[in-house]
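Residue-level structural notes
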Amino acid sequence: LADGNGAEITELRIETPIGESMLSGRITDWPSPKYDLNVESTLDLTQASTIFPLGATLRGVGNFKGKITGEGETYKVDGQIDSQALTAEGVYLKGFNVAATVAGTNTNYEANGNAVAELLTFEDFRVDFPKLAGNVRGTGSDFRWVGELQAIAAKAKSLSIVGLFLRDAVAEYKDKQFTASSGSGRAQKFSISDTEFSNLNAGNVRFSRENGVTSITSPSARADS
């Protein structure tokens, strides 16, 4: 039902080559549209990144359920996203689920929430059952994340970690360069080459990867054995 002031949407189904959405809610002020919508969507991210200049190459299908409010190009999203498989700029996620609030304008955004996945891979890194909580700010494919990270296991060539937990962690991806740090970190088992640490605790951990070289540093650490 629409008039000169806006529209009440009981049910609106939109089908496009990139996905399908079901909406309900209200739109007001046609000259400068304000919207308050309940949305359920399935989106083919591969098609979306081909058609729209998102700033990142995406592959996979994502499902969203939640509320979208905003005015024009400024928006706020509160809901859940899940995907069986998702690839973005060399990062692969399997069994991905996010519960978050996102606010932004166009490709600039800030998000707060929790994310879990069965598997995360990045180049030769593999992380099993990662769980992240925190804040993300970004533009296109560049982002900065602050929060906590847990994982059952992590591997990279000769490096192996079991029972990983990082507190006060910061990760940044900018101009295709990835860096990360953590105020403190611990692992039940930390193995590199033929050296193994049991119940390792480290402070002020720094992680970087550039030109295929991975660097991990910490000025202080202790282990049971």
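Now for a quick tour of the structure. (Residues numbered from 1 in each chain as written. Predicted model: local features only at pLDDT ≥ 70, side-chain atom pairs only at ≥ 80, totals over all residues. Heavy atoms only, no water.)

**Some words on the overall build of the protein**
Scanning the protein from terminus to terminus reveals 1 helix and 17 strands. With respect to the three principal axes, the spread of C-alpha positions in the protein is 75 × 30 × 30 Å. For the protein, with 225 residues in total, the buried portion stands at 31%. Counting contacts in the protein only where the partners sit at least 6 residues apart, residues at least 24 apart contribute 39% of the total. Accessible surface for the protein amounts to roughly 13,400 Å². Of this, 54% is attributable to carbon and sulfur atoms. Side-chain charges of the protein comprise 22 positive and 28 negative groups, with the mean position of each set lying 6 Å from the other. (Helix = DSSP H or I, 4+ residues; strand = E, 2+ residues; numbered from the N terminus. Buried < 20%, exposed > 50% of the residue type's maximum accessible area, 1.4 Å probe, protein only. Contact = heavy atoms within 4.5 Å. Areas by Shrake-Rupley, 256 points an atom, 1.4 Å probe, with all protein chains shown as cover. Lys, Arg positive; Asp, Glu negative; His and termini not counted. Charge placed at Lys NZ, Arg CZ, Asp CG, Glu CD.)

**Details of the pattern of salt bridges**
A full pass over the atoms with the stated rule returns 10 salt bridges. Where Asp124 meets Lys157, a salt bridge forms, and the shortest distance between an N and an O atom there is 3.8 Å. Within this pair, whereas Asp124 is found in the loop between β9 (119-122) and β10 (125-128), its partner Lys157 is found in the loop between β12 (142-156) and β13 (159-174), the two being separated by 33 residues in sequence. Given a relative accessible area of 74%, Lys157 falls into the exposed group. Where salt bridges share partners, they join Asp29, Lys34 and Glu71 into one cluster. (Salt bridge = Lys/Arg side-chain N within 4 Å of Asp/Glu carboxyl O.)

**A few points about the pairing of β10**
For β9 and β10, the ladder comprises 4 bridges, and the chain directions are antiparallel. Bridge pairing links Leu120 to Val127 in β10. Where β9 folds back onto β10 in an antiparallel hairpin, the turn is made up of 2 residues, including Glu123, whose phi is positive at roughly 55°. Pairing of β10 with β12, which is carried by 4 bridges, proceeds in the antiparallel orientation. The residue bridging Asp128 from the neighbouring strand is Ala153, located in β12. (Pairing = 2+ DSSP bridges.)

**Topic: the nonpolar core**
Ranked by size, the top nonpolar core spans 21 residues in total, and within it Ile161, Leu164 and Phe178 carry the most contacts. Of all the secondary structure elements, the ones that give two or more residues to this core are β10, β12, β13, β14 (177-192) and β15 (195-210). No other element matches the 7 residues that β13 contributes to this core. Residues in contact with Leu164, not counting those within four places in the same chain, are Leu149, Gln150, Ala151 and Arg186. Within the second largest apolar cluster, 9 residues are counted, among which are Leu45, Leu58, Ala100 and Ala117. (Core = buried A, V, L, I, M, F, W, Y, C linked by side-chain atoms within 4.5 Å.)

**Observations regarding the environment of Glu172**
The residue Glu172 is located in strand β13 in this model. A residue is classified by how much of its surface remains accessible, and Glu172, at 28% relative accessible area, is partly exposed. A sequence separation of 27 residues divides Glu172 from Trp145, and the C-alpha atoms of the two residues are 6.3 Å apart. With near-sequence residues (within four places) excluded, Glu172 lies in contact with Phe143, Arg144, Gln177, Phe178 and Thr179.

Purely geometric stuff here, so don't read any function into it on its own.
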